[in-house]
Every structure is written in structure tokens, then in C-alpha cells.
Amino acid sequence: MARISQVRLLLWKNWTVRKRQKMRFFMEIMWPVMLFIGLVWLRKANPLYRQHECHFPNKAMPSAGILPWIQGIFCNANNPCFQHPTRGESPGFVSNYNNS
């Protein structure tokens, strides 16, 4: 029973403090509302569009060695998006960096 009265007293104190600081209480309510309204507006202003499935060129991981890793970073710096699967994307095909 003592815990319930402690919680009730704490809630009463919290409400009393909020009642005294009206501007802070107003901002605590309005700030999340304004953020929500901003997100809704942003979603409505930029409607979704349909895009094809993207396939990116393979890049070597650092465990493949320093040279293939650096080549993968510099050769694919613009990170193009292809509509069809790229070479080396098929299962079981491990290395397509032999001639790079």
C-alpha cells in the first residue's frame, strides 16, 4: 500500500510542477506534435516512386588482399545500379577478380 501512495504522491508532485511551468509544459506537448506534422508533410511532399531492383558490382573485401580491395573501392566509386544481375553474383561463383 505504501508504494501506491508513493507513486500517487510522485505523480501529484509532477503535475504540480508542470502546472506551474506552463510554457515548458506547452513545449513538451507541442514539440513532438510539430515533429510528427513535419514528418507527415515531408512524406506527402515526396511521394514514393517505383524503382527497379538494383544490382551493384561486386567489391572485394579486405580479406581478399589490399590490392583487390583498393581496386574495388576506386573502380566502383560511383556505385552504379544495374537492372540485371552482375557478373559474379550467381551462387557458387567465388572470384571474378582474376584479371583486375
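Located above this text is the structure these notes cover.
Owing to the predicted nature of the structure, the values given are computational and were not obtained by experimental measurement. (Residues numbered from 1 in each chain as written. Predicted model: local features only at pLDDT ≥ 70, side-chain atom pairs only at ≥ 80, totals over all residues. Heavy atoms only, no water.)

### Concerning the overall build of the protein chain
Item 1. Secondary structure assignment for the protein chain yields three helices and zero strands.
Item 2. Sequence-ordered secondary structure for the protein chain, helices as α and strands as β, is α-α-α.
Item 3. Every one of the 100 residues in the protein chain was classed for burial, and the buried ones make up 10%.
Item 4. Restricting the contact set of the protein chain to residue pairs at least 6 apart, pairs at least 24 apart contribute 64%.
Item 5. When the accessible area of the protein chain is evaluated, it comes to approximately 9,500 Å², of which 66% is carbon and sulfur surface. (Helix = DSSP H or I, 4+ residues; strand = E, 2+ residues; numbered from the N terminus. Buried < 20%, exposed > 50% of the residue type's maximum accessible area, 1.4 Å probe, protein only. Contact = heavy atoms within 4.5 Å. Areas by Shrake-Rupley, 256 points an atom, 1.4 Å probe, with all protein chains shown as cover.)

### Some thoughts on the packing of aromatic side chains
Item 1. Per the counting criterion, the structure on display carries one aromatic pair.
Item 2. The interplanar angle of 90° and the centroid separation of 5.9 Å between the aromatic rings of W15 and F25 together place this pair among those described as edge-to-face. Note that W15 is positioned in helix α1 (residues 2–20) and F25 in helix α2 (residues 22–45), a separation of ten residues in sequence.
Item 3. When its relative accessible area of 46% is taken as the criterion, W15 is described as partly exposed.
Item 4. Relative accessible area serves as the criterion here: at 31%, F25 is assigned to the partly exposed category. (Phe/Tyr/Trp six-rings, centres within 6.5 Å; stacked < 30°, edge-to-face > 60°.)

### Here we look at the state of the cysteines
Item 1. In this structure the tally under the stated criterion is one disulfide.
Item 2. Note that C54 is cross-linked by a disulfide to C81, the S-S spacing being 1.8 Å. Taking the torsion about the sulfur-sulfur bond, which here is approximately -105°, the covalent link between C54 and C81 counts as left-handed. With C54 in the loop between α2 and α3 (66–75) and C81 in the segment after α3, the pair connects residues that are 27 residues apart, well separated along the chain. (Disulfide = S-S within 2.5 Å.)

### Some points on the packing of α1 against α2
Between two packed helices, what matters for the description is the angle formed by their axes and the separation of those axes.
Item 1. Two elements in contact, α1 and α2, have axes separated by 5 Å at closest approach and are oriented at 105°. Our classification of the angle between α1 and α2 gives roughly perpendicular. Contact residues: α1 offers W15, R18, K19 and R20, while α2 offers K22, F25 and E28.
Item 2. A class-by-class count of the residues in the contact of α1 with α2 yields two nonpolar, no polar and five charged. (Axes fitted to C-alpha atoms, helices over the stretch in contact; angles between N-to-C directions. Parallel < 35°, antiparallel > 145°, perpendicular 65-115°, else oblique. Nonpolar A, V, L, I, M, F, W, Y, C, P; charged D, E, K, R; others polar.)

### A short note on α2
Residues separated by three or four positions in an α-helix point in the same direction, a consequence of the helix having 3.6 residues per turn.
Item 1. Compared with the 34 Å implied by 1.5 Å per residue over 24 residues, the 34 Å span of α2 between its first and last C-alpha is a close match.
Item 2. Along α2, the largest kink reaches about 25° and is centred on M30; proline P32 follows within four residues of it. (Expected span 1.5 Å × (residues − 1). Bend = angle between axes of the 7 residues up to and from the residue.)

### Quick word on the pattern of salt bridges
Item 1. All chains considered together, the criterion is met by two salt bridges.
Item 2. A salt bridge links R18 to E28; its shortest N-O distance comes to 2.0 Å. Note that R18 is positioned in helix α1 and E28 in helix α2, a separation of ten residues in sequence.
Item 3. When its relative accessible area of 32% is taken as the criterion, E28 is described as partly exposed.
Item 4. Connected through shared salt-bridge partners, R18, R24 and E28 make up one network. (Salt bridge = Lys/Arg side-chain N within 4 Å of Asp/Glu carboxyl O.)

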